[in-house]
Amino acid sequence: GAQIAGNEPVPTGASYFIAPSGDDANDCEAAKSIDAPKATFASAWSCLAPGDALIVRDGVYDQDMSPPPEKAGTEGNVIIVQAEHDGGVHVTQGLGLRGNAHLAFLGMKITGDTNAIGVVSNGTGATAHHIGFYRVGFECTETVSDDACLTLSDGTHHVLVQDAWGSGGGRYMILVYGGPGGSPPNTTCDFNVFRRVVLRQGPHTSSGGNPQAGIAIYYGSDNLIENVIVIDSVPNSDSSNSAFYLTGHAAPPVTSGNRFFGDLALNNQGIGWYLDHNGTGSNNELRDSVIWGSQEGIALYADGICDDNIVDHVTVGASEGDGLWNGCIGSTITSSIFVDNGGSGIHPGSEGTIAEEDWNLFFANGEGPVSDGNL
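Keep in mind it's a predicted model, so treat the numbers as computed, not measured.

Could you give an account of the state of the cysteines, with specific residues and numbers?
One pass over the structure, following the stated rule, counts two disulfides. Here Cys28 engages in a disulfide with Cys47; their sulfurs sit 2.1 Å apart. Between Cys28 and Cys47, the S-S dihedral sits near -85°, and the bridge is therefore left-handed. With a gap of 19 residues between them, Cys28 in the loop between strand 1 (15-18) and helix 2 (41-44) and Cys47 in the loop between helix 2 and strand 2 (53-56) connect regions that are remote in the sequence. Relative accessible area serves as the criterion here: at 24%, Cys28 is assigned to the partly exposed category. Between Cys140 and Cys149 runs a disulfide, and the two sulfur atoms are separated by 2.3 Å. Across the disulfide from Cys140 to Cys149, rotation about the S-S bond amounts to roughly 115°, and the bridge is consequently right-handed. Cys149 carries the same exposure label as Cys140, and that label is buried. Note on Cys189: no disulfide assigned, nearest cysteine sulfur contributed by Cys149 at a separation of 16 Å.

See the structure below:
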């Protein structure tokens, strides 16, 4: 849809106003005037129909901004919640979406204790979908959290997060998780897009649980992570940390067909790009990206099916360990540069196979099965 393509929606209906100095005694007709705004999101949501916009006046909103479950616009008539001025609005008690669709949020900062933004279903068949977040910041402030700062789960699909930033505590800054929920559960989380997003896991401390990651995909397929930066992350776990993390423990569902294009992992504790396939996962791609300053650059691990993953036009450098460790079958590693890694440029792993390995360059890597050279 248009949101996934990146186009910001425009109002097709009425505009309403909300302000910290507003009054919920103002009815919806009055709230169309900037001089008679609503005071709370709970009251303002009742005014909004497909195509309408809620203009959020500058200030701090010490309240939850969540809509009623399944509140929705329609295709081409999105409900828009937009800051009056980008960066001028701060919502302090988070945003939860449950089975909502065709909504867009623009230009505001949203914080929460353990979860700033959560998108889930409202039960079987009532998944959340076609939600857009544009120029939105999110931060989790809990000192010790085992949650994720932004979570999509339980069947959520076609969500766009674009030109955004996130920081704070939690095991994950962004978590894409395919279930469970409903009866039977909605066990997918597919076709979501993260574009031009900057993430930093810290400075707030998360729990000690692992894995921990800047962005993690569990049981999700066909998601796009494009021009995303994970920088200077400091997780609070002693293992399985990563900037970008994919996993699936058993099928169905699978973790396949996810595309990482033009991404950057810089100075992160753990692995830059980590495919931890304990179940079924294949055909994931990392292209035109840079992994720099990780404990290990790229790791393709498998205890199950892990086939036909692609690394192409990627620069991996300054890792403490290997530039790339391959334990998957039929991996394609092409046109990439491995430089100044403490271990091998590429380590083949004990069970992994490489279907294609061509035009890779190796410079100043440590001892290992692959020496410097052009393959």
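Before we move on, can you summarise the nonpolar core with the specific residues and values?
With 72 residues, the main nonpolar core has Phe133 and Trp273 as its most contacted residues. Beyond its immediate sequence surroundings of up to four residues, Phe133 is in contact with Leu95, Leu97, Phe105, Ile117, Val119, Val159, Leu160, Val161 and Gln162.

Could you give an account of the side chain of Ser331, with specific residues and numbers?
One can find Ser331 in strand 28 (residues 331-334). For Ser331, a relative accessible area of 1% puts it in the buried group. Here the side chain of Ser331 touches Asn326 through a polar contact of 2.7 Å, side chain to side chain. Setting aside chain neighbours within four positions, we find Ser331 in contact with Leu300, Asn309, Asn326, Thr353, Ile354, Ala355 and Glu356.

Which residues make up the packing of aromatic side chains, and what values do they have?
Following the criterion strictly, the structure yields 13 aromatic pairs and no others. Ring centres of Tyr218 and Tyr245 lie 5.8 Å apart, and the angle between their planes is 55°; on these two criteria the pair is classed as tilted. Taken together, the residues span a long stretch of sequence, with Tyr218 in strand 16 (residues 212-218) and Tyr245 in strand 18 (residues 241-248) at a distance of 27 residues. Here Tyr218 and Tyr245 have matching classes, each one buried. By the ring-pair criterion, three or more aromatic residues cluster together here, those being Tyr172, Tyr177, Tyr218, Tyr219, Tyr245, Tyr274, Tyr301 and Trp325.

Calculation criteria
- Residues numbered from 1 in each chain as written.
- Predicted model: local features only at pLDDT ≥ 70, side-chain atom pairs only at ≥ 80, totals over all residues.
- Heavy atoms only, no water.
- Disulfide = S-S within 2.5 Å.
- Helix = DSSP H or I, 4+ residues; strand = E, 2+ residues; numbered from the N terminus.
- Buried < 20%, exposed > 50% of the residue type's maximum accessible area, 1.4 Å probe, protein only.
- Core = buried A, V, L, I, M, F, W, Y, C linked by side-chain atoms within 4.5 Å.
- Contact = heavy atoms within 4.5 Å.
- Polar contact = N/O pair within 3.5 Å; in protein donor to acceptor, adjacent residues only side chain to side chain.
- Phe/Tyr/Trp six-rings, centres within 6.5 Å; stacked < 30°, edge-to-face > 60°.

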